[in-house]
Amino acid sequence: MIVGSTTILVLLTSLFELSVNAASVLHQHQKRAQCAATLTVAESVASTLQAHYYNSGTGMYNGGSLWTDANALEDLHNLMLGADVDTWSTIADGSYIGQAALSSSTDWASLLGGANDDAGWVLMALWKIADYKGARGLSNAAYLNAAATIYNLIAGQWDDTCGGGVWWSTAHTYKNAITNQLFLYVSADGYLRGGGQTYLDNANKVWNWLSASGMRNSQGLWNDGLTDTCVNNGQTTWTYNQGVIASGLAALYSATKNTTLLDQAEITLDATISLLTDDDILKESCDDALSGGSVCDADQQLFKGLWTKHVQYYLDMANDSTRTAKYSPFLGSQTSAVFHYGTDSSNDVGSVWYAPNQGGSIFTPKTSTSGLEAHVAAAKYGPC
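Residues numbered from 1 in each chain as written. Predicted model: local features only at pLDDT ≥ 70, side-chain atom pairs only at ≥ 80, totals over all residues. Heavy atoms only, no water.

1. Points about the overall build of the protein chain
Counting secondary structure elements, the protein chain contains 14 helices and four strands. Relative to the 2.2 N^0.38 estimate, which gives 21 Å for 384 residues, the radius of gyration of the protein chain is 19 Å and therefore close to what a compact globule would have. Counting only C-alpha atoms and orienting by the principal axes, one finds that the protein chain spans roughly 55 × 45 × 40 Å. For the protein chain, the proportion of its 384 residues judged to be buried stands at 59%. Of the contacts formed within the protein chain by residues at least 6 apart in sequence, a portion of 66% connects residues at least 24 apart. Summing over all exposed atoms, the protein chain offers an accessible surface of approximately 13500 Å²; the carbon and sulfur share of this is 50%. (Helix = DSSP H or I, 4+ residues; strand = E, 2+ residues; numbered from the N terminus. Rg over C-alpha atoms; globule rule 2.2 N^0.38 Å. Buried < 20%, exposed > 50% of the residue type's maximum accessible area, 1.4 Å probe, protein only. Contact = heavy atoms within 4.5 Å. Areas by Shrake-Rupley, 256 points an atom, 1.4 Å probe, with all protein chains shown as cover.)

2. Quick notes on the packing of helix α6 (residues 116-135) against helix α7 (residues 141-155)
Packing of α6 against α7 brings their axes to within 9 Å, and their N-to-C directions diverge by 160 degrees. By the angle between their axes, α6 is roughly antiparallel relative to α7. The handedness of the crossing between α6 and α7 is left-handed. Two secondary-structure elements touch here, α6 through Asn116, Ala119, Gly120, Val122, Leu123, Leu126, Trp127, Ile129, Ala130 and Lys133 and α7 through Tyr143, Leu144, Ala146, Ala147, Ile150, Tyr151 and Ile154. Looking at the contact of α6 with α7 residue by residue, the classes come out as 14 nonpolar, two polar and one charged. (Axes fitted to C-alpha atoms, helices over the stretch in contact; angles between N-to-C directions. Parallel < 35°, antiparallel > 145°, perpendicular 65-115°, else oblique. Left-handed = near helix turned anticlockwise from the far one by under 90°. Nonpolar A, V, L, I, M, F, W, Y, C, P; charged D, E, K, R; others polar.)

3. A few points about the pattern of salt bridges
Throughout the structure, instances matching the rule amount to 15 salt bridges. For Asp75, the salt bridge goes to Lys309, with nearest N and O atoms at 2.8 Å. Highlighted residues: Asp75 in helix α2 (residues 66-83) and Lys309 in helix α12 (residues 303-318), separated in sequence by 234 residues. With relative accessibility at 2%, the residue Asp75 sits in the buried group. You can call Lys309 buried: its relative accessible area is 1%. (Salt bridge = Lys/Arg side-chain N within 4 Å of Asp/Glu carboxyl O.)

4. Thoughts on the state of the cysteines
According to the stated counting rule, one finds three disulfides in the structure shown. Between the sulfur atoms of Cys162 and its disulfide partner Cys230 the distance amounts to 2.0 Å. Since a negative S-S torsion denotes a left-handed disulfide, the Cys162-Cys230 link at about -75 degrees is left-handed. Taken together, the positions of Cys162 in the loop between α7 and α8 (177-192) and Cys230 in the loop between α9 (197-213) and α10 (239-256) put the pair 68 residues apart, joining distant regions of the chain. A relative accessible area of 24% means that Cys162 is categorised as partly exposed. Taken in sequence order, the bonded cysteines of the protein chain link in the pattern 1-6, 2-3, 4-5. (Disulfide = S-S within 2.5 Å.)

5. Regarding the packing of α8 against α10
Packed helix pairs are specified by the crossing angle of their axes together with the interaxial distance, meaning the distance between the axes. Following both chains from N to C, one finds α8 and α10 inclined at 25 degrees, their axes separated by 8 Å at the closest point. Judged by the inter-axis angle, α8 sits roughly parallel to α10. Note on packing geometry: the crossing formed by α8 with α10 is left-handed. Contacts from Ala177, Ile178, Gln181, Leu182, Leu184, Tyr185, Ala188, Asp189, Tyr191 and Leu192 of α8 reach α10 at Tyr240, Asn241, Val244, Ile245, Ser247, Gly248, Leu249, Ala251, Leu252, Ser254 and Ala255. Its residues assigned to classes, the contact of α8 with α10 comprises 15 nonpolar, five polar and one charged.

6. Details of the packing of aromatic side chains
Remark: the centre distance and the inter-plane angle together describe each pair of aromatic rings, the angle taken between the planes. Under the definition given, this model contains 14 aromatic pairs. Relative to Phe303, the ring of Trp238 has its centre 5.4 Å away and its plane inclined at 70 degrees; by these criteria the two rings are edge-to-face. With Trp238 in the loop between α9 and α10 and Phe303 in helix α12, this pair connects stretches of sequence that are 65 residues apart. An aromatic cluster of three or more residues is present, and its members are Trp67, Trp121, Trp238, Tyr240 and Phe303. Here Lys257 stacks its cationic end above the ring of Tyr253, 5.3 Å away from the centre of that ring. (Phe/Tyr/Trp six-rings, centres within 6.5 Å; stacked < 30°, edge-to-face > 60°. Lys NZ or Arg CZ within 6 Å of the ring centre and 35° of its normal.)

7. Quick look at the environment of Ala83
Topologically, Ala83 is positioned in helix α2. Sequence separation of Ala83 and Ala379 is 296 residues, and the distance between their C-alpha atoms is 9.0 Å.

8. A few points about the nonpolar core
Core analysis: the biggest nonpolar cluster contains 111 residues, and Trp121, Leu126 and Tyr314 have the highest contact counts within it. Residue contributions to this core peak at eleven residues, all from α6. Filtering out sequence-adjacent residues up to four positions away, Trp121 remains in contact with Trp67, Ala70, Asn71, Ile178, Leu182, Tyr240, Val244, Leu306 and His310. (Core = buried A, V, L, I, M, F, W, Y, C linked by side-chain atoms within 4.5 Å.)

What follows is the structure, encoded as structure tokens:
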């Protein structure tokens, strides 16, 4: 295991407040002091992300995509809330996604291009921006309204094919894990934000469907999706699938206080740590650059960081010191690997975390965002 990237005792700073609900009222999760040294590393990586990749003219990241841009925006605001800083306070309103939210004429169905999974990522970014603005006493109504519109679009994509579930896209060709895991999260958290009983009903409905779908395999990991005959397709067990299901289940636990949901989440989290790592460091199956093999594609480059972010959200919602202590060392190993192995001389983060000298990494806004997520999660829940 790699030692922590910070060995000097530092002063713990700031408290983390999460969400603003649809009525602009903060709903509280666990308050925990942040690790100042890890936050400093995260802020430095965020600064590099913005300097290297963000295009203020377009409001997008050069080399990014709609859903990866959404995560970068979410991460900047997650970081600002955790560090209690305002460094990137103007980014949201000038971003492509923010401009769409601020315009009452935006056709979200057209903008999202039929991608129901992308819709979930954008929705979460809008919520996190709203959280930040609400915490600063700023108007966040446009962001909350846009999120509600997107939620309704996603919910409308549920039908009875394969016994239920939201389609991956409006083309209705595939039912998969991530789209429905995201729907679980936004439904349960939407209920906590004051969205009403329909949100909770949807959260229970999608979890009941997911748990019966067969997409979680005998190892406790979620495969990519279902075949045309509605059975597990055996495709890759991507890391992000294993994190998003946990955050969604914890949000549903927060709404229902059914602790068995947390136990279900940890079956998968524990399987991730056991099976999807190299020397205790997350390793995507496409991460073979060290051996001169493949590198992860433009979507896959973000997956590992998404696992860490959604473990943060899992621990936020679980609000349990024993569960926090269980995953804290592993989050610490990820931030250390990113810092010592994955970061180059320009302070950018590459695609490979498990091998020294970036292990043949490629560097993109997605790999940088992924590393940022590992730092922000560890700042809250890793060792300091």
